[in-house]
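# A structural walkthrough
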Amino acid sequence: MSFADAVTLAWEFLEQLALAAIDLDKLDVADVCLQKLGAKFPGSPRLEVLTGIRMEASEPITTVLEYYNDLLIADPTNAAAWKRRISVLRRARSLDKATEELIQYLDTFYTDPEGWLELADIYVSNRQYTSALQALSHALVLNPQNPFTFVQFAETAYSSGDLPLALKMFLVAIEMMERDLESPETKPPAGLAFRAWWGIKLCARHLLGGASGVSSSPSNTPVPKHLKSVDALATERVLGAYKGKELEERRRLVEHWLSSSK
């Protein structure tokens, strides 16, 4: 590593230390870091946003919003300041204003998948599932290789009542996560994969149950022809996550729930 690289890493560490100190409410440490960074990088937009984050920890919301507003007046393309302002508005429960500003932000910075995910989360919190799915569609276009976005889309579709669409997206997420495994059936699912398999099981259970309206799809997504096989595989994969003596009791509870839900 060259000396220049080492110096760069040192300044980056100082920035990360400031953020960590703010998270831990060690504001005196954060202030020292900001002072040193300010002496080295006066007028840096990145430092200005970091200063705003420090202000969020101790200053009134109105003061923080005015600070970010001043930054945006000086530079309307300051994406980081705009996103922090939206975050503060949301924490202040000004959801209408936060939504409005986030839509304006995405009109300017369309290629920010995190922005679309944030917008979807706001819509979900208001149970506006159709709007949330539209926002998530943009996130999928921008980041088509991220299975987390597919799972989030599937869960939102499930909440909206479009079970065929939810099942399709859960299956796409599983295919992405397990396609590179030599023998996925021998490896118990964990984390996001388990979450997706559980979603598949819930969708298949309701669709096979034949309750009124569950098979209808506002998106016109068809129900898989081999739904019983999908349901059986999902049951096997879910139960496969509960192997081992320490998980035996939990496995029995899950088996009981699965059998009683048929």
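No experiment lies behind these values; they were computed from the predicted model shown. (Residues numbered from 1 in each chain as written. Predicted model: local features only at pLDDT ≥ 70, side-chain atom pairs only at ≥ 80, totals over all residues. Heavy atoms only, no water.)

## Details of the packing of aromatic side chains
- All chains considered together, the criterion is met by six aromatic pairs.
- Measuring from ring centre to ring centre gives 5.6 Å for Trp82 and Tyr105, while their planes differ by 85°; the resulting arrangement is edge-to-face. On the criterion of sequence distance, the pair formed by Trp82 in helix 5 (residues 79–91) and Tyr105 in helix 6 (residues 95–108) is long-range, its members being 23 residues apart. Taken as a pair, Trp82 and Tyr105 share a single burial class, namely buried. (Phe/Tyr/Trp six-rings, centres within 6.5 Å; stacked < 30°, edge-to-face > 60°. Helix = DSSP H or I, 4+ residues; strand = E, 2+ residues; numbered from the N terminus. Buried < 20%, exposed > 50% of the residue type's maximum accessible area, 1.4 Å probe, protein only.)

## A word on the packing of helix 6 against helix 7 (residues 113–125)
- It is at 10 Å that the axes of helix 6 and helix 7 come closest, and there the two elements cross at 155°. Taken together, the axes of helix 6 and helix 7 are roughly antiparallel relative to one another. In the packing of helix 6 onto helix 7, the handedness of the crossing is left-handed. Facing helix 6, whose interface residues are Thr99, Leu102, Ile103 and Leu106, helix 7 presents Gly115, Trp116, Glu118, Leu119, Ile122 and Tyr123.
- For the contact of helix 6 with helix 7, the class distribution of residues is seven nonpolar, two polar and one charged. (Axes fitted to C-alpha atoms, helices over the stretch in contact; angles between N-to-C directions. Parallel < 35°, antiparallel > 145°, perpendicular 65-115°, else oblique. Left-handed = near helix turned anticlockwise from the far one by under 90°. Contact = heavy atoms within 4.5 Å. Nonpolar A, V, L, I, M, F, W, Y, C, P; charged D, E, K, R; others polar.)

## Description of the side chain of Asn78
- On the secondary structure map, Asn78 appears in the loop between helix 4 (61–74) and helix 5.
- In contact with Asn78, not counting residues within four places along its chain, are Pro45, Val49 and Leu72.

## Digging into helix 10 (residues 163–178)
- Taking 1.5 Å per residue as the helical rise, helix 10 with its 16 residues ought to reach 22 Å, and the 22 Å between its terminal C-alpha atoms agrees with that figure.
- For helix 10, the full list of buried residues reads Leu163, Pro164, Leu165, Ala166, Leu167, Met169, Phe170, Ala173, Ile174, Met176 and Glu178.
- On its buried face, helix 10 sits against helix 8 (129–142), helix 9 (147–160), helix 11 (191–209) and helix 12 (227–240).
- The backbone nitrogen of Leu165 has a side-chain oxygen 3.3 Å away, supplied by the residue at the start of helix 10, namely Asp162. (Expected span 1.5 Å × (residues − 1). Polar contact = N/O pair within 3.5 Å; in protein donor to acceptor, adjacent residues only side chain to side chain.)

## What about the pattern of salt bridges?
- For the structure shown, the criterion picks out 14 salt bridges.
- Here Asp31 makes a salt bridge to Arg54, at a shortest N to O gap of 2.7 Å. One end of the pair, Asp31, is in helix 2 (residues 27–40); the other, Arg54, is in helix 3 (residues 45–56), with 23 residues separating them in the sequence.
- Asp31 gets classed as partly exposed once you look at its relative accessible area, which sits at 33%.
- Given a relative accessible area of 15%, Arg54 falls into the buried group.
- Glu114 is paired through a salt bridge with Lys83; the nearest N and O atoms lie 3.5 Å apart. (Salt bridge = Lys/Arg side-chain N within 4 Å of Asp/Glu carboxyl O.)

## Brief notes about unusual backbone geometry
- One non-glycine residue, Asp25, lies in the positive phi region at around 60°.
- Topologically, Asp25 is positioned in the loop between helix 1 (3–23) and helix 2.

## Re the UniProt feature "repeat: TPR" (unreviewed entry) in the protein
- Following the UniProt record, one finds the feature "repeat: TPR" (unreviewed entry) at residues 113–146.
- Taken end to end, residues 113–146 is 79% helix and 0% strand, and its two terminal C-alpha atoms sit 11 Å from one another. (UniProt positions renumbered as here; feature names shortened; annotations may be inferred.)

## Some thoughts on the packing of helix 3 against helix 4
- Where helix 3 contacts helix 4, the two axes come as close as 9 Å, and the packing angle between them is 170°. Relative to helix 4, helix 3 is oriented roughly antiparallel. Contacts from Glu48, Val49, Thr51, Gly52, Ile53, Met55 and Glu56 of helix 3 reach helix 4 at Thr63, Val64, Tyr67, Tyr68 and Leu71.
- A breakdown of the residues in the contact of helix 3 with helix 4 according to their chemical character gives seven nonpolar, three polar and two charged.

## Observations regarding the side chain of Asp112
- Secondary-structure assignment places Asp112 in the loop between helix 6 and helix 7.
- On the basis of relative accessible area, Asp112 is assigned to the buried category, the value being 13%.
- Engagement of the side chain of Asp112 in a polar contact is seen with the side chain of Tyr105, the distance being 2.5 Å.
- Setting aside its immediate chain neighbours within four residues, Asp112 contacts Lys83, Tyr105, Leu106 and Leu142.

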